[in-house]
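Report on the structure
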Amino acid sequence: AQRVTQPEKLLSVFKGAPVELKCNYSYSGSPELFWYVQYSRQRLQLLLRHISRESIKGFTADLNKGETSFHLKKPFAQEEDSAMYYCALIRTRNAGNNRKLIWGLGTSLAVNP
Amino acid sequence: DGGITQSPKYLFRKEGQNVTLSCEQNLNHDAMYWYRQDPGQGLRLIYYSQIVNDFQKGDIAEGYSVSREKKESFPLTVTSAQKNPTAFYLCASNLQNTEAFFGQGTRLTVV
């Protein structure tokens, strides 16, 4: 079965420190992977997707098929990065019409001054 | 101004009552979703619809019902059969192969 695992419920770092939010997935095919972010009192929104290979707000994420991981990284955390982060997967092969997102449980990132 | 709108923002329900949460989108998206968000449990899929007049149960459909009579609208009814309805409900939509857009959410409280 497809699954997305975010092992950390809460991650606390100091401002300026590097941050890595872990995401592992199980899927036999070639997935599309996403990171979504939910800031306080704001709607859940896309942060980045692996096929775009871009950096958003200083965050990057590389798909490692060997380790089935899609960890989110930022070299220097800022206080405004404090939010809830969700990793999500869409199946691509043989999915037919069933292409719903599969979500991790989320990691709450707290960046302390 | 394109987007996805949920209403109301806050909703209170007496035990034994059905309530309907509204979700409207003007993004011309085919697919729409309802999630329930509880602390420590992430996003759990209640129902989803890939096309008008068709919908499928998600992981926690019991006690909920939906309809998809129009492309723009995907209302969720929380019935009296839902044993623990107090939660934050999120509606989302997307085109196939693209990112999901979310509404602001509805916080439902049973009083």
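Here, the structure is the one placed above.
Heads up: these notes are all about the structure in this document. Quick caveat, the model's predicted, so the values are computed rather than measured.

1. Observations regarding the overall build of chain A
Helices and strands together make up the secondary structure of chain A, namely 0 helices and 11 strands. What you see in chain A, going N to C, is helices and strands ordered as β-β-β-β-β-β-β-β-β-β-β. On C-alpha atoms alone, chain A measures out to a radius of gyration of 14 Å, which is about the 13 Å that the 2.2 N^0.38 rule sets for 113 residues. Summarising its shape, the C-alpha atoms of chain A cover approximately 45 × 30 × 25 Å along the three principal directions. Counting only residues that meet the buried cut, chain A has 46% of its 113 residues in that class.

2. What to know about the interface of chain B and chain A
Chain B puts 21 residues into the contact, and the matching count from chain A is 20 residues. Taking both sides of the interface into account, the surface hidden between chain B and chain A amounts to around 1,800 Å²; carbon and sulfur atoms contribute 48%. Taken together, the links from chain B to chain A amount to 0 salt bridges. The interface formed by chain B and chain A holds 7 residue pairs in polar contact (both at pLDDT 80 or more) in total. Mapped by element, the contributors of at least two residues to the side of chain B that touches chain A are strand 4 (31-37), strand 5 (43-51) and strand 9 (87-94) of chain B. When residues of the side of chain B that touches chain A are assigned to their parent elements, the largest contribution, 4 residues, is made by strand 5 of chain B.

3. A look at the sheet that holds strand 8 (residues 72-74) of chain A
Reading across from one edge, 3-8-7 (chain A) is the order of the 3 strands in this open sheet, with antiparallel pairing throughout. Edge positions in the open sheet fall to strand 3 (19-21) and strand 7 (60-61) of chain A, since each of these has one partner strand only.

4. Re the layout of surface pockets
Its volume calculated, the largest pocket comes out at about 600 Å³. Along the walls of the largest pocket sit 21 residues, with Gln 38 and Arg 41 of chain A together with Gln 37, Phe 88 and Arg 107 of chain B positioned nearest its centre. Taken together, the elements giving at least two residues each to the lining of the largest pocket come down to strand 9 (83-90) of chain A together with strand 9 of chain B. In terms of residues, the lining of the largest pocket owes the most to one element, strand 9 of chain A, which gives 3 residues. Across the lining of the largest pocket, the residue classes tally to 8 nonpolar, 9 polar and 4 charged.

5. Side note on the sheet that holds strand 7 (residues 64-66) of chain B
All names here are of chain B. Ordered by their spatial adjacency, 4 strands build an open sheet running 1-3-8-7, and the pairing between neighbours is antiparallel. What marks the edges here is a single partner per strand, and that holds for strand 1 (4-7) and strand 7. Each neighbouring strand pair of the sheet contributes to a mean axis angle of 20°, computed without reference to strand direction. Alignment of strand 7 against strand 8 (residues 76-78), held across 3 bridges, turns out to be antiparallel. Of the residues in strand 8, the one forming a bridge with Tyr 64 is Val 78.

6. Quick word on the environment of Leu 109 of chain A
Residues and elements named next belong to chain A. Topologically, Leu 109 is positioned in strand 11 (residues 107-112). Given a relative accessible area of 2%, Leu 109 falls into the buried group. It is 7.3 Å that separates the C-alpha atoms of Leu 109 and Tyr 85, two residues lying 24 residues apart in sequence. Setting aside its immediate chain neighbours within four residues, Leu 109 contacts Leu 11, Val 13, Val 19, Leu 21, Asp 81, Ser 82, Ala 83 and Tyr 85.

7. Structural notes on the packing of aromatic side chains
Under the definition given, this model contains 12 aromatic pairs over all chains. With centroids separated by 6.1 Å and ring planes inclined at 90°, the aromatic side chains of Tyr 86 of chain A and Trp 103 of chain A adopt a geometry described as edge-to-face. Taken as a pair, Tyr 86 of chain A in strand 9 and Trp 103 of chain A in strand 10 (residues 102-103) lie far apart in primary sequence, 17 residues in all. Note on Tyr 86 of chain A: relative accessible area 2%, which makes it buried. These aromatic residues form a ring-pair network of at least three members: Phe 34, Tyr 36, Tyr 86 and Trp 103 of chain A together with Tyr 33, Tyr 35, Tyr 48 and Phe 102 of chain B.

Quick notes on the rules
Residues numbered from 1 in each chain as written. Chains lettered and ligands numbered in written order. Predicted model: local features only at pLDDT ≥ 70, side-chain atom pairs only at ≥ 80, totals over all residues. Heavy atoms only, no water. Helix = DSSP H or I, 4+ residues; strand = E, 2+ residues; numbered from the N terminus. Rg over C-alpha atoms; globule rule 2.2 N^0.38 Å. Buried < 20%, exposed > 50% of the residue type's maximum accessible area, 1.4 Å probe, protein only. Contact = heavy atoms within 4.5 Å. Buried area = accessible area lost by both parts, 1.4 Å probe. Salt bridge = Lys/Arg side-chain N within 4 Å of Asp/Glu carboxyl O. Polar contact = N/O pair within 3.5 Å; in protein donor to acceptor, adjacent residues only side chain to side chain. Pairing = 2+ DSSP bridges. 1 Å grid on protein atoms, 1.4 Å probe; cavity = no way out; pocket = protein on both sides within 12 Å on 5 of 7 lines; lining within 4 Å. Points joined across faces, edges and corners; volume = space filled by probe spheres on them. Nonpolar A, V, L, I, M, F, W, Y, C, P; charged D, E, K, R; others polar. Axes fitted to C-alpha atoms, helices over the stretch in contact; angles between N-to-C directions. Phe/Tyr/Trp six-rings, centres within 6.5 Å; stacked < 30°, edge-to-face > 60°.

So far we have only geometry, and geometry alone does not tell us how the molecule works.
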